[in-house]
Amino acid sequence: MKTYDVAVIGAGVFGAWTALQLARRGKSVALVEAYGAGHSRSSSGDESRIIRMGYGKDEIYTRWSQRSLAQWKELFAANGQALFHETGVLWLAGEDQKRLNETRATLRQCGVAFEDLNLASLRARFSQIGLDGIRSAILEPQSGVLMARRAVAATVMEAVRLGVTYVHALVEQPKARGPLRAIKTTSGQEISAGQFVFACGSWLAKLFPEVVGPRLFVTRQEVFYFGLPAGDSRFAPPALPTFLFQTDESYGMPDIESRGLKIALDAHGVAVDPDTQSRVVSEESAAKMRQYVAKRFPGLRDAPIAETRVCQYENTSNGDFFVDRHPEIGNVWFAGGGSGHGFKHGPALGEYVAGQTLGEVQPEPRFSLATKATVQQRAVF
Ligand SMILES: Cc1cc2nc3c(=O)[nH]c(=O)nc-3n(C[C@H](O)[C@H](O)[C@H](O)COP(=O)(O)OP(=O)(O)OC[C@H]3O[C@@H](n4cnc5c(N)ncnc54)[C@H](O)[C@@H]3O)c2cc1C
């Protein structure tokens with residue numbers, strides 16, 4: 001049996017980029033995925049994800065976004081697919097300007113281009129937005145939207161081109177107490193490797209119920225696409241950028257690839273199981289979202305809901321990522337805890353995980369198991 005340098009379990013955005021970054025470093029890698037790369041029940045499986053640089057005072061994530069956007073663009077340029085849309089990202093804030101001010105300071109520090117907009121300039125430029133309660137905003141003109149599930153597929157294709165072996169199989173819970181020699185799949189296959197990276201998104205909690213279970217909060221998140229009035233370009237780029245209403249804990253994006261206006265709440269939903277939760281939105285939440293859209297986009301008051309998605313966040317206690325060794329199995333690593341903001345960071349996360357497994361990168365304490373509490377107190381957005 002072949003022994004790989006590293007077996008990566010899970011081909012969402014974290015696992016796909018980990019496999020690719022390891023392959024780029026000349027390592028032999030098996031990438032094992034139960035359902036399919038970027039499948040519709042994974043967190044990476046929606047059409048689109050925002051990539052923005054603003055992270056309040058959390059400079060580490062601003063820098064990772066910068067590194068990641070450059071690498072996403074390189075990947076898409078190489079495979080010839082237009083999977084990044086530079087829509088710009090507009091952050092809107094109300095009376096509480098603290099986070100916006102922290103974001104401004106960090107963006108300056110990191111050399112990220114942005115524009116400051118007061119209420120008068122917001123009114124002049126974005127008359128399609130309901131600005132009730134909004135005081136000011138910043139616009140990141142070079143940020144935008146990644147076409148998520150296809151971006152994951154492109155990452156896996158590139159990894160395979162560089163020699164990664166892709167295996168479609170469900171990996172069983174590893175039972176070793178010392179170093180793990182091989183993982184077993186439910187179809188009886190054994191995959192042997194020197195190290196194992198479990199990049200299983202919300203499934204990490206099910207696979208490692210004792211170590212990870214109490215530290216990962218898997219929540220239901222509903223996403224809506226509103227159909228636009230025929231012939232109306234006010235809700236498409238460049239007229240409307242991607243937007244985040246800080247006070248409302250909501251976000252969304254303009255009409256991309258004619259899917260309509262995408263909008264969702266960032267507030268955490270109820271706890272769910274990623275295998276079995278219903279992927280159908282409730283009438284009640286659809287009604288609430290219609291009401292909300294009427295407030296922030298009055299021109300869409302009567303717009304139909306054209307599509308919906310139901311996904312899950314895999315939150316850590318405070319929103320920091322989770323990359324560390326298993327406390328009892330030294331050659332087993334966890335890579336997860338994307339916490340509703342992880343997609344954009346795939347390339348930088350993959351670099352970090354590859355560096356960790358190769359012993360080339362200093363561990364970041366914020367990502368350690370030791371900092372993962374069993375009670376939620378969200379701090380990273
Ligand atoms: C509604 C929503 C909106 C979001 N918006 C944004 C955004 O705008 N910008 C942003 O940056 N991030 C966003 N995120 C967060 C981001 O999408 C996630 O953090 C990221 O996709 C997590 O990727 P992952 O690879 O860790 O997990 P996943 O994508 O869930 O991948 C895990 C994979 O592991 C596989 N797996 C699990 N167990 C096994 C096993 N035993 N054997 C084999 N395979 C296994 C699964 O099948 C799955 O494919 C959002 C998330 C949601 C849900």
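Relevant structure appears above.
Residues numbered from 1 in each chain as written. Predicted model: local features only at pLDDT ≥ 70, side-chain atom pairs only at ≥ 80, totals over all residues. Heavy atoms only, no water.

Student: How do you make sense of the overall build of the protein when you look at a structure like this?
Tutor: Secondary structure assignment for the protein yields eight helices and 18 strands. Taken over C-alpha atoms, the radius of gyration comes to 21 Å for the protein, in line with the 21 Å a tight globule of 381 residues would show. If one aligns the C-alpha atoms of the protein with their principal axes, the spans along those axes are about 65 × 45 × 45 Å. A total of 381 residues make up the protein; the buried ones form 59% of that total. Carbon together with sulfur atoms contributes 51% to the accessible area of the protein, which is approximately 15400 Å² in total. Placing the 43 positive and 39 negative side-chain charges of the protein at their respective mean positions leaves the two points 1 Å apart. (Helix = DSSP H or I, 4+ residues; strand = E, 2+ residues; numbered from the N terminus. Rg over C-alpha atoms; globule rule 2.2 N^0.38 Å. Buried < 20%, exposed > 50% of the residue type's maximum accessible area, 1.4 Å probe, protein only. Areas by Shrake-Rupley, 256 points an atom, 1.4 Å probe, with all protein chains shown as cover. Lys, Arg positive; Asp, Glu negative; His and termini not counted. Charge placed at Lys NZ, Arg CZ, Asp CG, Glu CD.)

Student: Got a minute to help me understand the sheet that holds strand β3 (residues 49–51) in this structure?
Tutor: Neighbouring strands of a sheet are bound in pairs by backbone hydrogen bonds; such pairs are parallel or else antiparallel. Sheet architecture is open: three strands sit in the order β3-β8-β4, paired in antiparallel fashion. What marks the edges here is a single partner per strand, and that holds for β3 and β4 (84–85). Sheet topology note: the β4/strand β8 (residues 144–146) ladder contains two bridges and is antiparallel. Counted as the bridge partner of H85 is V145 from β8. (Pairing = 2+ DSSP bridges.)

Student: What am I meant to see in the sheet that holds strand β15 (residues 261–265) here?
Tutor: Sheet architecture is open: eight strands sit in the order β6-β7-β5-β13-β14-β15-β12-β16, paired in mixed fashion. Here the strands that pair on one side only, and so sit at the sheet edges, are β6 (115–118) and β16 (305–315). For this sheet, the mean angle separating the axes of adjacent strands, direction not counted, is 20 degrees. With four bridges connecting them, β6 and strand β7 (residues 136–140) associate as antiparallel partners. Considered in β7, the bridge of L117 is made with A137. (Axes fitted to C-alpha atoms, helices over the stretch in contact; angles between N-to-C directions.)

Student: Would you explain the pattern of salt bridges in this entry?
Tutor: Side chains bearing opposite charge may pair, as long as their charged atoms lie close to each other. For the structure shown, the criterion picks out 27 salt bridges. For D46, the salt bridge identified is with R309, shortest N-O distance 3.6 Å. One end of the pair, D46, is in the loop between β2 (29–33) and β3; the other, R309, is in strand β16, and 263 residues separate them in sequence. Via salt bridges that share partners, D46, E47, R49, R149, K262 and R309 belong to a single interconnected network. (Salt bridge = Lys/Arg side-chain N within 4 Å of Asp/Glu carboxyl O.)

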